[in-house]
Amino acid sequence: LVDLAAYPEIDAAYALWDIQSGNPLAANHVAGHIKSLLYRLAPAYPNLKYLVLVGGDPLIPHRRIRDEALVANERTYTDVAYTPILAGSLGLRYFLSDDYYAGLLPLPFKGREVYLPQVAIGRLVEEPEEMVAVINTFLAQPTVRPSNAFVTGYDFLKDQARAISATLAAQELITQTRLIDDSWTARDFRLSFFITPTAHSLNSLNSHFQHHRFFPNDANDVYATEVDTVGASTTFSGTLIFTVGCHSALNVPDGQSPTDADWAQAFTRRGATFIGNTGYGYGDSDLVAYSERLMVNFVKQLGYWPDGQAPTVGQALLRAKQHYYNTAAAAAFSNYDEKVLEEMILYGLPMLRVSMPVTTTTPPDGPSLAEGVQAVGAPSQGARLAEPVSAQAVTTSSLSLSFDYTSNEVRMKDGSVLGNYYLITGEDDAQVAGGRPIQPRTSLDIHRADTIAHGVLLLGGTFSDTPDFDPVISRVITDELYVETEPLYLALPWYPVVPGTLNRFLGIDGQSRERLVVTPGQFRATPGVSPTVGTQRLYSSLHYEIYHAPFTDTDFVAPSLWQVQAVVTGTTVTFDVRVTDDSGNVARVVVLYRETTDNAWQPVELKPDAATQTWRESESGLRGEIEFFAQAVDASGNVALALDHGNPFSQVLKTETRLYLPLVRK
């Protein structure tokens, strides 16, 4: 137990905040001092797993994080939740997060940090007797064994509600009450939620919220005060309630607003554990994405026993956030993803265990393939054990992937076709980024114990192209905004630029969490066409080599590719690549090429010329036009890629023309 009043420098920070309570920077000044204290205390607790903040925002401030969202910025909620302490932060475009305190290892993002939790965190609010009620409930029942569930959903949240319901059913939580359509009313909700004697064990409320009320399909709102009135006879102790609703977890201090009876206080003082958003939640109009995807991840984690015992609610949320962060495709993690992760917080004790009826010791995202284990439920793939490639004990593991796809058509409310997208058969994951074409996505654990994956090298792949394809362009939406029209996508490079990327972050246990994120679909728009159409590329196979280095290898700088060219001599092409590395040791240069009439990338290993710092090799028998790109690997396994402004380089082979004249004898 840490008493912040015992630290004079923190006291001084509070005094500064007291005289300018609406200043978000003053609140962050206090948060910064508390984080500094955590850094000093954490080394004394090598097995630290949980962190509990005792008090609402006026006592231990949420971190104010700059809200860069153009869709549903927090400034638009200032008048709804007006209090002296909140209005300044929301009005100046900040959202609120507790992950700042749990993100003990910094991760770079847009020239600053993104706060990915390394320990499970929860918060107790508001009055002392309400906090004691939460603690007493936990002491009486430290493990929840769900026997039933309540799931709601409407509008664009129906797909998320169905996904959560299906996940719970797969965990053998069969007894479910469902309100998943666009017609259920406030009366339907009250009859299903405020039941006696005990509320449902798990409650997934996928609806539009404000901090003090939520909106059914009809005009009769349900208010947080009803937890103590309509629900007076309902026992909520030991139940888990979670939602992606906008501002559902914004705790407004008592006595500062006419709408200060918020959901966080109402549920936790009745003994429930509550998870929601302090700001606007986000989704996609057509798929489970953003806040929806994070919550589905959380429910999946409830059924995973990582260490031979039931997961805690805090660990499940932590792992769901880490998985969300680590499965973003190349250059796809945006300010919306940052907000989705950091605004979702837990009220209650994060060490509360949840024991589902059916559990598994296999991670929801599969075991590591780099350890030579076949992934469960992943696309057809093969992995071989790592082999040494240098004296520095850098090793490689090979991965061959094959894919089948399911086509999906999206229609507008009037029945007209909006577009199409593909998913990998048997998977529900997709690469969804606002204003970009939806693409299939999967991710694979490639971690090897006591190593760090430094790079991923593409060694080949086969694909098919569909011309004049009408893609579904993702639309970021909230309960405040629904975009009826599909935006144009006019970018000329392939999207995503590469079909595979390496994601990693370091945990406080000293191990690196690494995933190969594969988007085996790419789209290239046809210039000057509206609405958007173009070429959809789908890979049927991809072949990778993953480089693992020991923790003692601290070189993470990839080589520099200065020049890439193809010199044509008849039907022979000489690939010439100039490459350097700060270590002075380039280990490998590979060019992938294809004739434009061939739908398979072929690798060619280049040989070094130390005198000119170039690598070259020739391929003969080529005709017509070729496309190619280059990759380089250094001695630490870092991999660099060279493209032509996001597209492969191209080269036309000149066709030799011969004129045959008749031989005339006189």
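Let me sum up the structure you'll find in this document. (Residues numbered from 1 in each chain as written. Predicted model: local features only at pLDDT ≥ 70, side-chain atom pairs only at ≥ 80, totals over all residues. Heavy atoms only, no water.)

What follows is about unusual backbone geometry. Put simply, V125 and E126 share a cis peptide bond, and its omega is -20°. Tracing the backbone through its elements, the reader meets E126 in the loop between β6 (120-124) and α5 (128-140). In this chain, S530 is followed by P531 through a cis amide linkage whose omega measures 0°. Looking at the element boundaries, P531 is found in the loop between β31 (521-525) and β32 (534-550). Of note, the phi angle at K110 is positive, near 55°, even though the residue is not glycine. The residue K110 is located in the loop between β4 (107-109) and β5 (112-114) in this model. For K110, a relative accessible area of 51% translates into the label exposed. In this model, H247 sits at a positive phi of 60°, which is unusual for a non-glycine residue. One can find H247 in the loop between β14 (240-242) and α8 (263-268). (Helix = DSSP H or I, 4+ residues; strand = E, 2+ residues; numbered from the N terminus. Buried < 20%, exposed > 50% of the residue type's maximum accessible area, 1.4 Å probe, protein only.)

Time to look at the nonpolar core. One recurring pattern in soluble globular proteins: nonpolar side chains tend to sit buried together. Residues Y101, L168, F242, I275, Y282, Y290 and F298 are the most contacted members of the largest nonpolar core, which totals 100 residues. Per-element accounting of this core gives the leading share, seven residues, to helix α2 (residues 24-41). What Y101 contacts, discounting residues up to four positions off in sequence, is A31, I34, K35, L38, L51, L53, I60, P61 and I121. Judged by nonpolar contacts, the second largest core, of 28 residues, contains A453, Y539, L542 and Y547. (Core = buried A, V, L, I, M, F, W, Y, C linked by side-chain atoms within 4.5 Å. Contact = heavy atoms within 4.5 Å.)

Between helix α9 (residues 291-302) and helix α10 (residues 313-326), the shortest axis-to-axis distance is 8 Å and the interhelical angle comes to 130°. Comparing their axes, α10 and α9 come out oblique. Regarding α9 and α10, the two cross each other, and that crossing is right-handed. Contacts from R293, L294, N297, F298, Q301 and L302 of α9 reach α10 at V313, A316, L317, R319, A320, K321, H323 and Y324. (Axes fitted to C-alpha atoms, helices over the stretch in contact; angles between N-to-C directions. Parallel < 35°, antiparallel > 145°, perpendicular 65-115°, else oblique. Left-handed = near helix turned anticlockwise from the far one by under 90°.)

Here we come to the pattern of salt bridges. For the structure shown, the criterion picks out 26 salt bridges. Between D465 and R537 there is a salt bridge, with the nearest N and O atoms lying 2.9 Å from each other. Remark: R537 occurs in strand β32 and D465 occurs in strand β27 (residues 451-469); sequence separation between them is 72 residues. Its relative accessible area of 31% is what places D465 among the partly exposed residues. A relative accessible area of 2% places R537 in the buried class. Note that R588 and E605 form a salt bridge whose closest N and O atoms lie 2.6 Å from each other. (Salt bridge = Lys/Arg side-chain N within 4 Å of Asp/Glu carboxyl O.)

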